[in-house]
Amino acid sequence: MAAYIVATVSINDAEAFAAYGKGIVGLSERFGGTSVVKGLVAEMLEGAPVPGERIVVTRFPDAQSARAYIASPEYQVALKLREGAATVSMRLLVDPA
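The structure displayed is predicted, hence computed values, not measured ones. (Residues numbered from 1 in each chain as written. Predicted model: local features only at pLDDT ≥ 70, side-chain atom pairs only at ≥ 80, totals over all residues. Heavy atoms only, no water.)

Moving on: the sheet that holds strand 4 (residues 86-94). Across the sheet, which stays open at both edges, the four strands sit in the order 2-3-1-4 with antiparallel pairing between neighbours. Looking at which strands have only one partner, the edges of the open sheet turn out to be strand 2 (34-40) and strand 4. Neighbouring strand axes in the sheet, compared pairwise and without regard to direction, differ in orientation by 15° on average. Note: strand 2 against strand 3 (residues 54-60), six bridges, orientation antiparallel. Among the inter-strand pairings, T34 is bridged to a residue of strand 3, identified as R59. (Pairing = 2+ DSSP bridges. Helix = DSSP H or I, 4+ residues; strand = E, 2+ residues; numbered from the N terminus. Axes fitted to C-alpha atoms, helices over the stretch in contact; angles between N-to-C directions.)

Next comes the structure, spelled out in structure tokens:
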């Protein structure tokens, strides 16, 4: 069953966040991940807008692969670079189809 990591991101420190980004380049692909969409929220249809909020959606072959990506030593090192640089929420969605 396909699984998706859906992240909402509000960047506080672009330079520090860029270091995190460099630390994860190509990493999700090693776990079967493919980028579905990355970008700024164009329009809020419901709820309160968060200025500058970005959404990142990555598809994985299954939930185990998505979890392995987040748990990988490489991701954990990059995660430390992101501390204080952004507010991030990540969700794991599983497609039952």
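So much for the structure itself; the text now carries on.
Turning next to the pattern of salt bridges. Under the counting rule described, the total for this entry stands at one salt bridge. Salt-bridge contacts for R30 lead to E74; the nearest nitrogen and oxygen are separated by 3.1 Å. Here R30 is found in helix 2 (residues 27-30), whereas its partner E74 is found in helix 4 (residues 73-82), with 44 residues between them in sequence. Overall, the relative accessible area of 56% leaves R30 in the exposed class. (Salt bridge = Lys/Arg side-chain N within 4 Å of Asp/Glu carboxyl O. Buried < 20%, exposed > 50% of the residue type's maximum accessible area, 1.4 Å probe, protein only.)

A separate point is the packing of aromatic side chains. Using the criterion set out here, one finds five aromatic pairs in the structure. Seen from their ring centres, Y20 and Y75 are 6.2 Å apart, and the 80° between their planes marks the pair as edge-to-face. With Y20 in helix 1 (residues 14-24) and Y75 in helix 4, this residue pair connects regions lying 55 residues apart in the sequence. Members of the aromatic cluster, connected to one another through ring pairs, are F17, Y20, F31, F60, Y69 and Y75. (Phe/Tyr/Trp six-rings, centres within 6.5 Å; stacked < 30°, edge-to-face > 60°.)

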